[in-house]
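What follows is the residue order along each chain.
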Amino acid sequence: MNIIHAYAAQNENSPLAPFSYQPRQLRDHDVQIEILFCGVCHSDLHQARNEWHNTVFPVVPGHEIVGRVTATGSRCSRFTVGDLVGVGCMVDSCRSCPDCQEGLEQYCENGFVATYNGTDRFDGKTTFGGYASDIVVHEDFVLRVPAHLDLAGVAPLLCAGITTYSPLKHWKVGPGKKVGIVGLGGLGHMGVKIAHAMGAKVVLFTTSPSKVADGKRLGADEVVISKDAEQMAQHTNSFDFILNTVAATHDLTPFINLLKRDGNMTLVGVPEHDHPAPSVASLIFKRRSVSGSLIGGIAGTQEMLDFCGQHNITSDIELIDIAQINEAYERMLKSDVKYRFVIDINTLRDHAAA
Ligand code: NAP
Ligand code: ZN
Ligand code: ZN
C-alpha cells in the first residue's frame, strides 16, 4: 500500500506531530487494517516522553486499535476484507516458548513484539502504532471485535480492558469476593466495570473526590477517598483482591493493610520511578502478597472482547481530533480524563488530505 499517515514524537521533549512512513509489503499472513479509532493509554505518554528509558524515536504510539480490514496476505485464513478487527499491545511473539504455547504471549521468553516501539522479528525495523491511518499486522495478533458495540468505546478494551480483565480472572474474582480497584483512570474504570460484571462487590479507591458519583455509576458499590485515613481504616483486613492501576509512585502499605489473610494486591501501573518498598510486617502477618500483571494473551484478549460483547461493556470515552493529542496528554497527567481519550482517526486522514 501507499504511505501511512501518522502522528509521532521525534524525541522525548517534542510534542506529537504529523509523520508518515512506508509500510512493509504484505507478508503471507498479514492483515492490512484501515484504523477507525485508537485509544490513548498512559503507556503512550510514558513512552513518547521516554519515561521508561527505552524509546526508539521517532515513536508512533497507540495500541488500542479498532479498524476495518482492507487487504490480506496470500495465506491469511482468518480474516477477509471488510471485517471489523482490533489490535492491542502485541503484534508478534516467538510462538514456540512455553509461555507462547500456553497462550501467554505477553510473557514470551524471547520477548513479544510490541505494537509500537517494538522490533520486527524479520526485518528488524521499529514498529509503529495506532495513531495512524493504517497498520499491517500478522493475523495471529488480530482480534475480532463485537460489532454491536460502539466501536470508539471498544478501542480501549484492547489495552485497558485486557490489562484489568486478565488479573481479575487470574485471581478468581466473582460472586462473594470483595474487590478493590485503585485509581479511576482508563484502566481503573474498566476494572470497575469488569469486576462488577463478574459479580464481585467492588470498592473504588480514588484520590479525586470529584469522581465519587462516577465511580458508583460505573459499577462500584462503594467509593473510598484513599487519602482519608479514617475511610481507609474502615476496610482493614477485608479485601480478597485489590487491583492497583495508579500511574504514579505511591505508598502501597495502606492498601496492603486492607487485604484479608492470603489476600493479594496486583500492580498494573508502571510509574516512571518505583514505589517505596512496602511494609514487610504487613505482608508477613497475614500471608498477604503483592504481584504484577502484564496485559493479557491473545486468547484471553478475545475472551475479554466476547465477555464485553455479552455484557455490553465499553469504555466511557472522550472522542478527540488527532490535533488535540498533546492537550490530551497534559490532561491525562492531571488525572482529568473521563475516562479514556479516543482518537477519531478520520480526523488524521482529513488533516493529511488538506
Ligand atoms: P490514567 O488514565 O492516567 O489513570 C491513572 C489513574 O491513577 C488516575 O486517573 C488517578 O486516579 C490515579 N493517579 C494518578 N496520579 C496519582 C497519584 N499521584 N497518586 C494516586 N493516584 C494517582 O492511566 P491508565 O492509562 O489507566 O494507566 C495506568 C498505568 O497503568 C500507567 O502507568 C500505564 O502505563 C500502566 N499500564 C500498564 C499495563 C500493564 O500491562 N501492566 C497496561 C496498560 C497500562 P484517581 O483520580 O481516581 O486517583
Ligand atoms: Zn496501554
Ligand atoms: Zn515465546
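Residues numbered from 1 in each chain as written. Chains lettered and ligands numbered in written order. Predicted model: local features only at pLDDT ≥ 70, side-chain atom pairs only at ≥ 80, totals over all residues. Heavy atoms only, no water.

Asker: Explain the coordination of the zinc ion (ligand 3) residue by residue, including any values.
Answerer: For the zinc ion (ligand 3), the full set of protein donor atoms is Cys 94 (SG), Cys 97 (SG), Cys 100 (SG) and Cys 108 (SG), at a range of 2.3 to 2.4 Å. Because the angles between the four donor atoms bound to the zinc ion (ligand 3) fall within 104 to 118 degrees, the donor set is best described as tetrahedral. Every donor residue of the zinc ion (ligand 3) comes from the same chain, spaced as C-x2-C-x2-C-x7-C. With Cys 97 in the loop between strand 6 (90-92) and helix 2 (98-101) and Cys 108 in the loop between helix 2 and strand 7 (113-114), this residue pair connects regions lying eleven residues apart in the sequence. One exposure class covers both Cys 97 and Cys 108, and it is buried. (Donors = N, O, S within 2.8 Å, 3.2 Å for Na, K, Ca; no water. Tetrahedral: all angles 85-135°; square planar, octahedral: opposite > 155°, others 65-115°. Helix = DSSP H or I, 4+ residues; strand = E, 2+ residues; numbered from the N terminus. Buried < 20%, exposed > 50% of the residue type's maximum accessible area, 1.4 Å probe, protein only.)

Asker: How would you summarise empty space enclosed by the protein if you had to cite specific residues and measurements?
Answerer: With the rule as written, the count across this model stands at one cavity of 30 Å³ or more. In this structure, the largest cavity occupies an estimated 70 Å³ of space. Gly 88, Cys 89, Met 90, Phe 141, Leu 143, Leu 158, Ile 162, Ile 295, Gly 296, Ile 298 and Thr 301 together form the lining of the largest cavity. (1 Å grid on protein atoms, 1.4 Å probe; cavity = no way out; pocket = protein on both sides within 12 Å on 5 of 7 lines; lining within 4 Å. Points joined across faces, edges and corners; volume = space filled by probe spheres on them.)

Asker: I'd like a rundown of the coordination of the zinc ion (ligand 2), residues and numbers included.
Answerer: Only Cys 41 (SG), His 63 (NE2) and Cys 159 (SG) from the protein coordinate the zinc ion (ligand 2), and they sit 2.0 to 2.3 Å from it. We note that the donor set of the zinc ion (ligand 2) lies within a single chain, spaced as C-x21-H-x95-C. Placement of the pair is Cys 41 in the loop between strand 3 (30-40) and helix 1 (42-48) and Cys 159 in the loop between helix 3 (151-154) and helix 4 (160-170), with a sequence separation of 118 residues.

Asker: Break down the site of ligand 1 for me, citing the residues and quoting the values.
Answerer: For ligand 1, the set of nearby residues contains 29 residues, the closest of which are His 42, Thr 206, Thr 207, Ser 208 and Arg 340. Interatomic distance of 3.0 Å between a backbone N/O atom of Val 270 and an oxygen atom of ligand 1. With respect to ligand 1, the backbone of Ile 295 contributes an N or O atom lying 2.7 Å from an oxygen atom. Protein contact buries 89% of the 920 Å² of open area that ligand 1 shows by itself. For the shell around ligand 1, the secondary-structure elements that each account for two or more residues are helix 1 and helix 5 (186-197). For the shell around ligand 1, the leading source of residues is helix 1, giving three residues. (Near = heavy atom within 4 Å. Polar contact = N/O pair within 3.5 Å; in protein donor to acceptor, adjacent residues only side chain to side chain. Areas by Shrake-Rupley, 256 points an atom, 1.4 Å probe, with all protein chains shown as cover.)

Asker: Before we move on, could you go through the UniProt feature "domain: Enoyl reductase (ER)" (unreviewed entry) in the chain and cite the residues and values that matter?
Answerer: This chain's UniProt record puts "domain: Enoyl reductase (ER)" (unreviewed entry) on residues 9-343. A helix fraction of 24% and a strand fraction of 24% characterise residues 9-343, whose end C-alpha atoms lie 16 Å from each other. (UniProt positions renumbered as here; feature names shortened; annotations may be inferred.)

Asker: Let's hear about the layout of surface pockets: which residues, and what values?
Answerer: Taken as a whole, the second largest pocket encloses approximately 450 Å³ of empty space. In this structure, the second largest pocket is lined by 22 residues; those nearest its centre are Arg 24, Asp 120, Asp 123, Thr 127 and Val 136. Listing elements by their share of the lining of the second largest pocket, those giving two or more residues are strand 6 and strand 8 (134-138). Ranked by residue count, the leading element in the lining of the second largest pocket is strand 8, at four residues. Of the residues contributing to the lining of the second largest pocket, the split by class is nine nonpolar, six polar and seven charged. (Nonpolar A, V, L, I, M, F, W, Y, C, P; charged D, E, K, R; others polar.)

Asker: An account of the environment of Ala 353 is requested, with residue identities and associated values reported.
Answerer: Assignment of secondary structure puts Ala 353 in helix 12 (residues 345-353). Judged by its relative accessible area of 67%, Ala 353 is exposed.

Asker: Can you tell me about helix 4, naming the residues and giving the values?
Answerer: Judged by how many residues are buried, helix 4 sits mostly within the fold: nine of eleven residues are covered. Turning to helix 4, its buried residues number three or more, namely Ala 160, Gly 161, Ile 162, Thr 163, Thr 164, Tyr 165, Ser 166, Pro 167 and Leu 168. The inward-facing, buried residues of helix 4 contact strand 10 (178-182), helix 5, strand 13 (239-244), strand 14 (259-267), helix 10 (298-311) and strand 17 (340-344). (Contact = heavy atoms within 4.5 Å.)

Asker: How would you explain the environment of Ile 33 if you had to name every residue and give the values?
Answerer: Among the secondary structure elements, Ile 33 is positioned in strand 3. Since its relative accessible area comes to 0%, Ile 33 is described here as buried. In sequence terms Ile 33 and Arg 78 are 45 residues apart; their C-alpha atoms lie 14 Å from each other. Here Ile 33 is in contact with Gly 67, Arg 68, Val 69, Thr 70, Val 85, Val 87, Ser 133, Asp 134, Ile 135 and Val 142, once residues within four sequence places are set aside.

Asker: Report on the state of the cysteines, specifying residues and quantitative values.
Answerer: Counted by the stated rule, this structure contains zero disulfides. Left unpaired, Cys 76 is separated from the closest cysteine sulfur, that of Cys 100, by 20 Å. (Disulfide = S-S within 2.5 Å.)

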